[in-house]
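Structural features, examined
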Amino acid sequence: MIYLTDYRTVAATHTDLFDEMSYPQRAFWFPELFAKKDSGLVYVPHKLADRVLDVELLRSLRERKGKTAFILASGNAHFAGINPYAIKKSRLTYDYKLLPLTLTQVYAGRIGQMCGADDLITTDASACASSLKVMSDVCQLMTYQGFDRVCVLGVEDTINDKVLHFFGESGACLTYDKEQQGIKPSAFDHHNGGFYIGQGAVFAVFENENVLVNKPKAKLISAGVASEQSTNAIGQREDGQGFVKAAALALRSGNISTEEIQIVKTHGTGTKSNNMSEKAALQALFHTPFIATSFKQIIGHTMGASGLLETCLLLDSLQSGIVPAIPNRTQKDDVYLSEPMMIKRKPKILSLAAGMGNIYAAAIFDTRV
Amino acid sequence: MTDQELLLIMNGIVKVARPVSADELKIESLDTLIKDTGLDSLDFLMVGVYLSDIYGVSEEDVKLMKLTEESTIRDVFEFMFKHSTQTPKTVEEALENVK
């Protein structure tokens, strides 16, 4: 059995408008993380990660017995330096002097050492599916390779000139011009849709029954990862094939039917293509009632961190029996929540994530532990 | 500055360079061998960059620093003093920019 025994999360809830960008847009961010960036001694994603790297938890992990792995889910890999596309120097622009630490495996080596991962330290760059994609690795390592514990850090450098330019230019995020037209962040809605980029990170510990110290938060039942037949590496098929394949794999390997799933934590970017793709996938997979929610409109799209971070935020919310709604929905239906919903029993959750480059991930968690 | 003040600067930098295990890496003496500090090569790269920032040592000059198995924390400070273009008056001033 694989238990999610501990986690720490951080996510910004404050937005600012970055009107100096080539594609003006809002973003969820922690302005204080950029303080003193001009010294060249500040690397923002590491400052962000420090907020979930609880010193006491790391110390405790180093002292625990068992074969331990560490995975850095770094999403689209780290970015550092000045954006050649930026129209002018922005409040985000900086150059970091300690280049080796921007290499994801080098950084993973430092953090892995700090959590006692003497048996494997590795990284994953499966774009925005990254932290949920590594749930498959967690299952593999703990089921077939004798690992007792896997620690996962999901963090990415989301708020920088390059990311805001790229997402703005590609029309993936909600830019200021769309906001001016009255569009608000939402998902699975005819009128509103889309997301802002956001800063967030998650550190999670998965352990088996042999090394349990504390009461687990949830069980990780199974996970799946897949790509779809496509000629567009950054698009999504309208029929949701990638989501279906990943979810079907997770369901099959966990010997779970969709009838047992009560909540879907969607990827939920709220873009037209994701709405279509993910909705089609869920229609194909489910033949019994379920509810679905999305967090990207609440905390922004934290990219590589998003899948696992949002799952942990849902687990937090479920402690109070509440499934958060998807903000700014103008439609009412029985599946995609427009209002928060109270639930009485402890549910099984299907979490979904997708990443540019044709990668889809699914993981099933059981909150009854 | 006294040895004690220089140690405060060094430990302040270590805390920033390695925040999640800084408590376990307290340096007690300037005569501690670098290899005995518990800092790895990357940590020490960070420490060097922070110190050069504090003392205004150029990147070209920093590259001249040659450390051996016998090098101590004091050796590192002496290198910084030799190539410095600025000198902080207090520990707080020194650490102001690396926090």
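Residues numbered from 1 in each chain as written. Chains lettered and ligands numbered in written order. Predicted model: local features only at pLDDT ≥ 70, side-chain atom pairs only at ≥ 80, totals over all residues.

**Some details on the domain arrangement of chain A**
All names here are of chain A.
- Parsing chain A into structural domains produces domain 1 (3-211) and domain 2 (218-366).
- Look at where the C-alpha atoms of domain 1 and domain 2 centre, and you get two points 19 Å apart.
- Listed as interface residues are 53 residues of domain 1 and, on the opposing side, 49 residues of domain 2.
- For the side of domain 1 that touches domain 2, the leading source of residues is helix 4 (residues 130-144), giving 8 residues.
- Among the residues forming the side of domain 1 that touches domain 2, the class breakdown is 29 nonpolar, 20 polar and 4 charged. (Domains from an automatic or database assignment. Contact = placed C-beta atoms within 7 Å. Helix = DSSP H or I, 4+ residues; strand = E, 2+ residues; numbered from the N terminus. Nonpolar A, V, L, I, M, F, W, Y, C, P; charged D, E, K, R; others polar.)

**Some details on the confidence of the model for chain B**
All names here are of chain B.
- Overall, the prediction assigns chain B a mean pLDDT of 88, with 94% of residues at 70 or greater.
- Mean pLDDT across the elements of chain B ranges from a minimum in helix 3 (residues 59-62), with 86, to a maximum in helix 4 (residues 73-83), with 95.
- Overall fold confidence for the complex sits at a pTM of 0.92, while the interface term, ipTM, reaches 0.76. (pLDDT = per-residue confidence, 0-100.)

**Let's talk about the pairing of strand 15 (residues 359-366) of chain A**
Residues and elements named next belong to chain A.
- Of all 8 residues in strand 15, 8 are buried; the element is thus mostly enclosed.
- Burial of strand 15 is two-sided: the residues I359, A361, A363 and F365 facing one way and the residues Y360, A362, I364 and D366 facing the other way are all buried.
- Pairing analysis gives 7 bridges linking strand 9 (residues 218-226) to strand 15, with the strands arranged antiparallel. Residue pairing in the sheet places L220 in a bridge with F365 of strand 15.
- Pairing geometry for strand 14 (residues 348-355) and strand 15, over 8 bridges, is antiparallel. The residue bridging I349 from the neighbouring strand is F365, located in strand 15.
- Between strand 14 and the antiparallel strand that follows it, strand 15, lie 3 residues; G357 among them carries a positive phi value of about 100 degrees. (Buried ≥ 20, exposed ≤ 12 C-beta atoms within 10 Å, placed from the backbone. Pairing = 2+ DSSP bridges.)

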